[in-house]
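# Fold and geometry: a report
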Amino acid sequence: MNPSLLLAFAALQPELARHARLLSLRGLILPVRIGIHEFERQGPQRLRIDVDACVDLAAAHAREDRIEATFDYDLIRNTIRTMAAERHFELQETLCDAILAWLMAQPGVLAARVRTEKPDVYPDCDAVGVERIALGRS
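Residues numbered from 1 in each chain as written. Predicted model: local features only at pLDDT ≥ 70, side-chain atom pairs only at ≥ 80, totals over all residues. Heavy atoms only, no water.

### What to know about the pattern of salt bridges
As a working rule, side chains carrying opposite charge can pair if their charged atoms are close by. Summed over all chains, the structure comprises eleven salt bridges. Here D52 and R26 are joined by a salt bridge, their closest N and O atoms 2.3 Å apart. Here D52 is found in strand β2 (residues 45-56), whereas its partner R26 is found in strand β1 (residues 20-32), with 26 residues between them in sequence. A residue is classified by how much of its surface remains accessible, and D52, at 0% relative accessible area, is buried. Among the ionic pairs, E117 bridges to R48, the shortest N-O distance being 3.9 Å. Placement of E117 in strand β3 (residues 109-118) and of R48 in strand β2 is noted, with a sequence separation of 69 residues between them. Judged by its relative accessible area of 18%, E117 falls in the buried class. If you follow the salt bridges from partner to partner, you end up with R26, R48, D50, D52, R113, R115, E117 and E131 in one network. (Salt bridge = Lys/Arg side-chain N within 4 Å of Asp/Glu carboxyl O. Helix = DSSP H or I, 4+ residues; strand = E, 2+ residues; numbered from the N terminus. Buried < 20%, exposed > 50% of the residue type's maximum accessible area, 1.4 Å probe, protein only.)

### Description of the packing of aromatic side chains
For the structure shown, the criterion picks out zero aromatic pairs. Lying across the ring of F89, R87 places its NZ or CZ 4.0 Å from the centre. (Phe/Tyr/Trp six-rings, centres within 6.5 Å; stacked < 30°, edge-to-face > 60°. Lys NZ or Arg CZ within 6 Å of the ring centre and 35° of its normal.)

### Section: the nonpolar core
Membership of the largest hydrophobic core comes to 29 residues, with the highest contact counts inside it found for I49, V51, I76, I80, I99 and L103. Elements that contribute at least two residues to this core include exactly β1, β2, α3 (73-86), α4 (92-104), β3 and β4 (128-135). It is α4 that contributes the most residues to this core, six residues altogether. Setting aside its immediate chain neighbours within four residues, I80 contacts L25, L28, L30, I49, V51 and I99. L16, A20, L110 and A111 belong to the second-largest nonpolar core, a separate cluster that totals seven residues. (Core = buried A, V, L, I, M, F, W, Y, C linked by side-chain atoms within 4.5 Å. Contact = heavy atoms within 4.5 Å.)

### Examining α3
Its 14 residues place the ends of α3 20 Å apart at the C-alpha level, agreeing with the 20 Å of an ideal helix rising 1.5 Å per residue. Listed as buried for α3 are I76, T79, I80, M83 and A84. Projected down its long axis, α3 carries its buried residues within an arc of 130°, all on one side. α3 presents A85 and E86 as exposed residues on the side facing more than 90 degrees away from its buried surface. (Expected span 1.5 Å × (residues − 1). Arc of directions from axis to C-beta.)

Following this line, the structure appears as structure tokens:
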């Protein structure tokens, strides 16, 4: 059983347990131009991105069974795809921080977590990655 990320966020900011809905996008795999080494500059690398966003229930109430009644996953996915394609990133940290900053600027987002991983860097490791969280207003 996976532990609840909403409860993990609520441990940091208790109001989230009552006032937020957790939306997740897991395992988005994109070809990204990223890295500081010369071999990493030869072409894009696979990057796995996971996103969790605590969205205020007022903004993601889902009282009607319509996409307008919640936060659209397509917006998250499409924005990340666009950001990742815009330029070469030297560091995972830079892209991770940019995604997190965009998420936190969206109406209704109270907290967020972003994780990036490069699965093809070392033959003896599953991946190398970076993770950040941010808490907004309660």
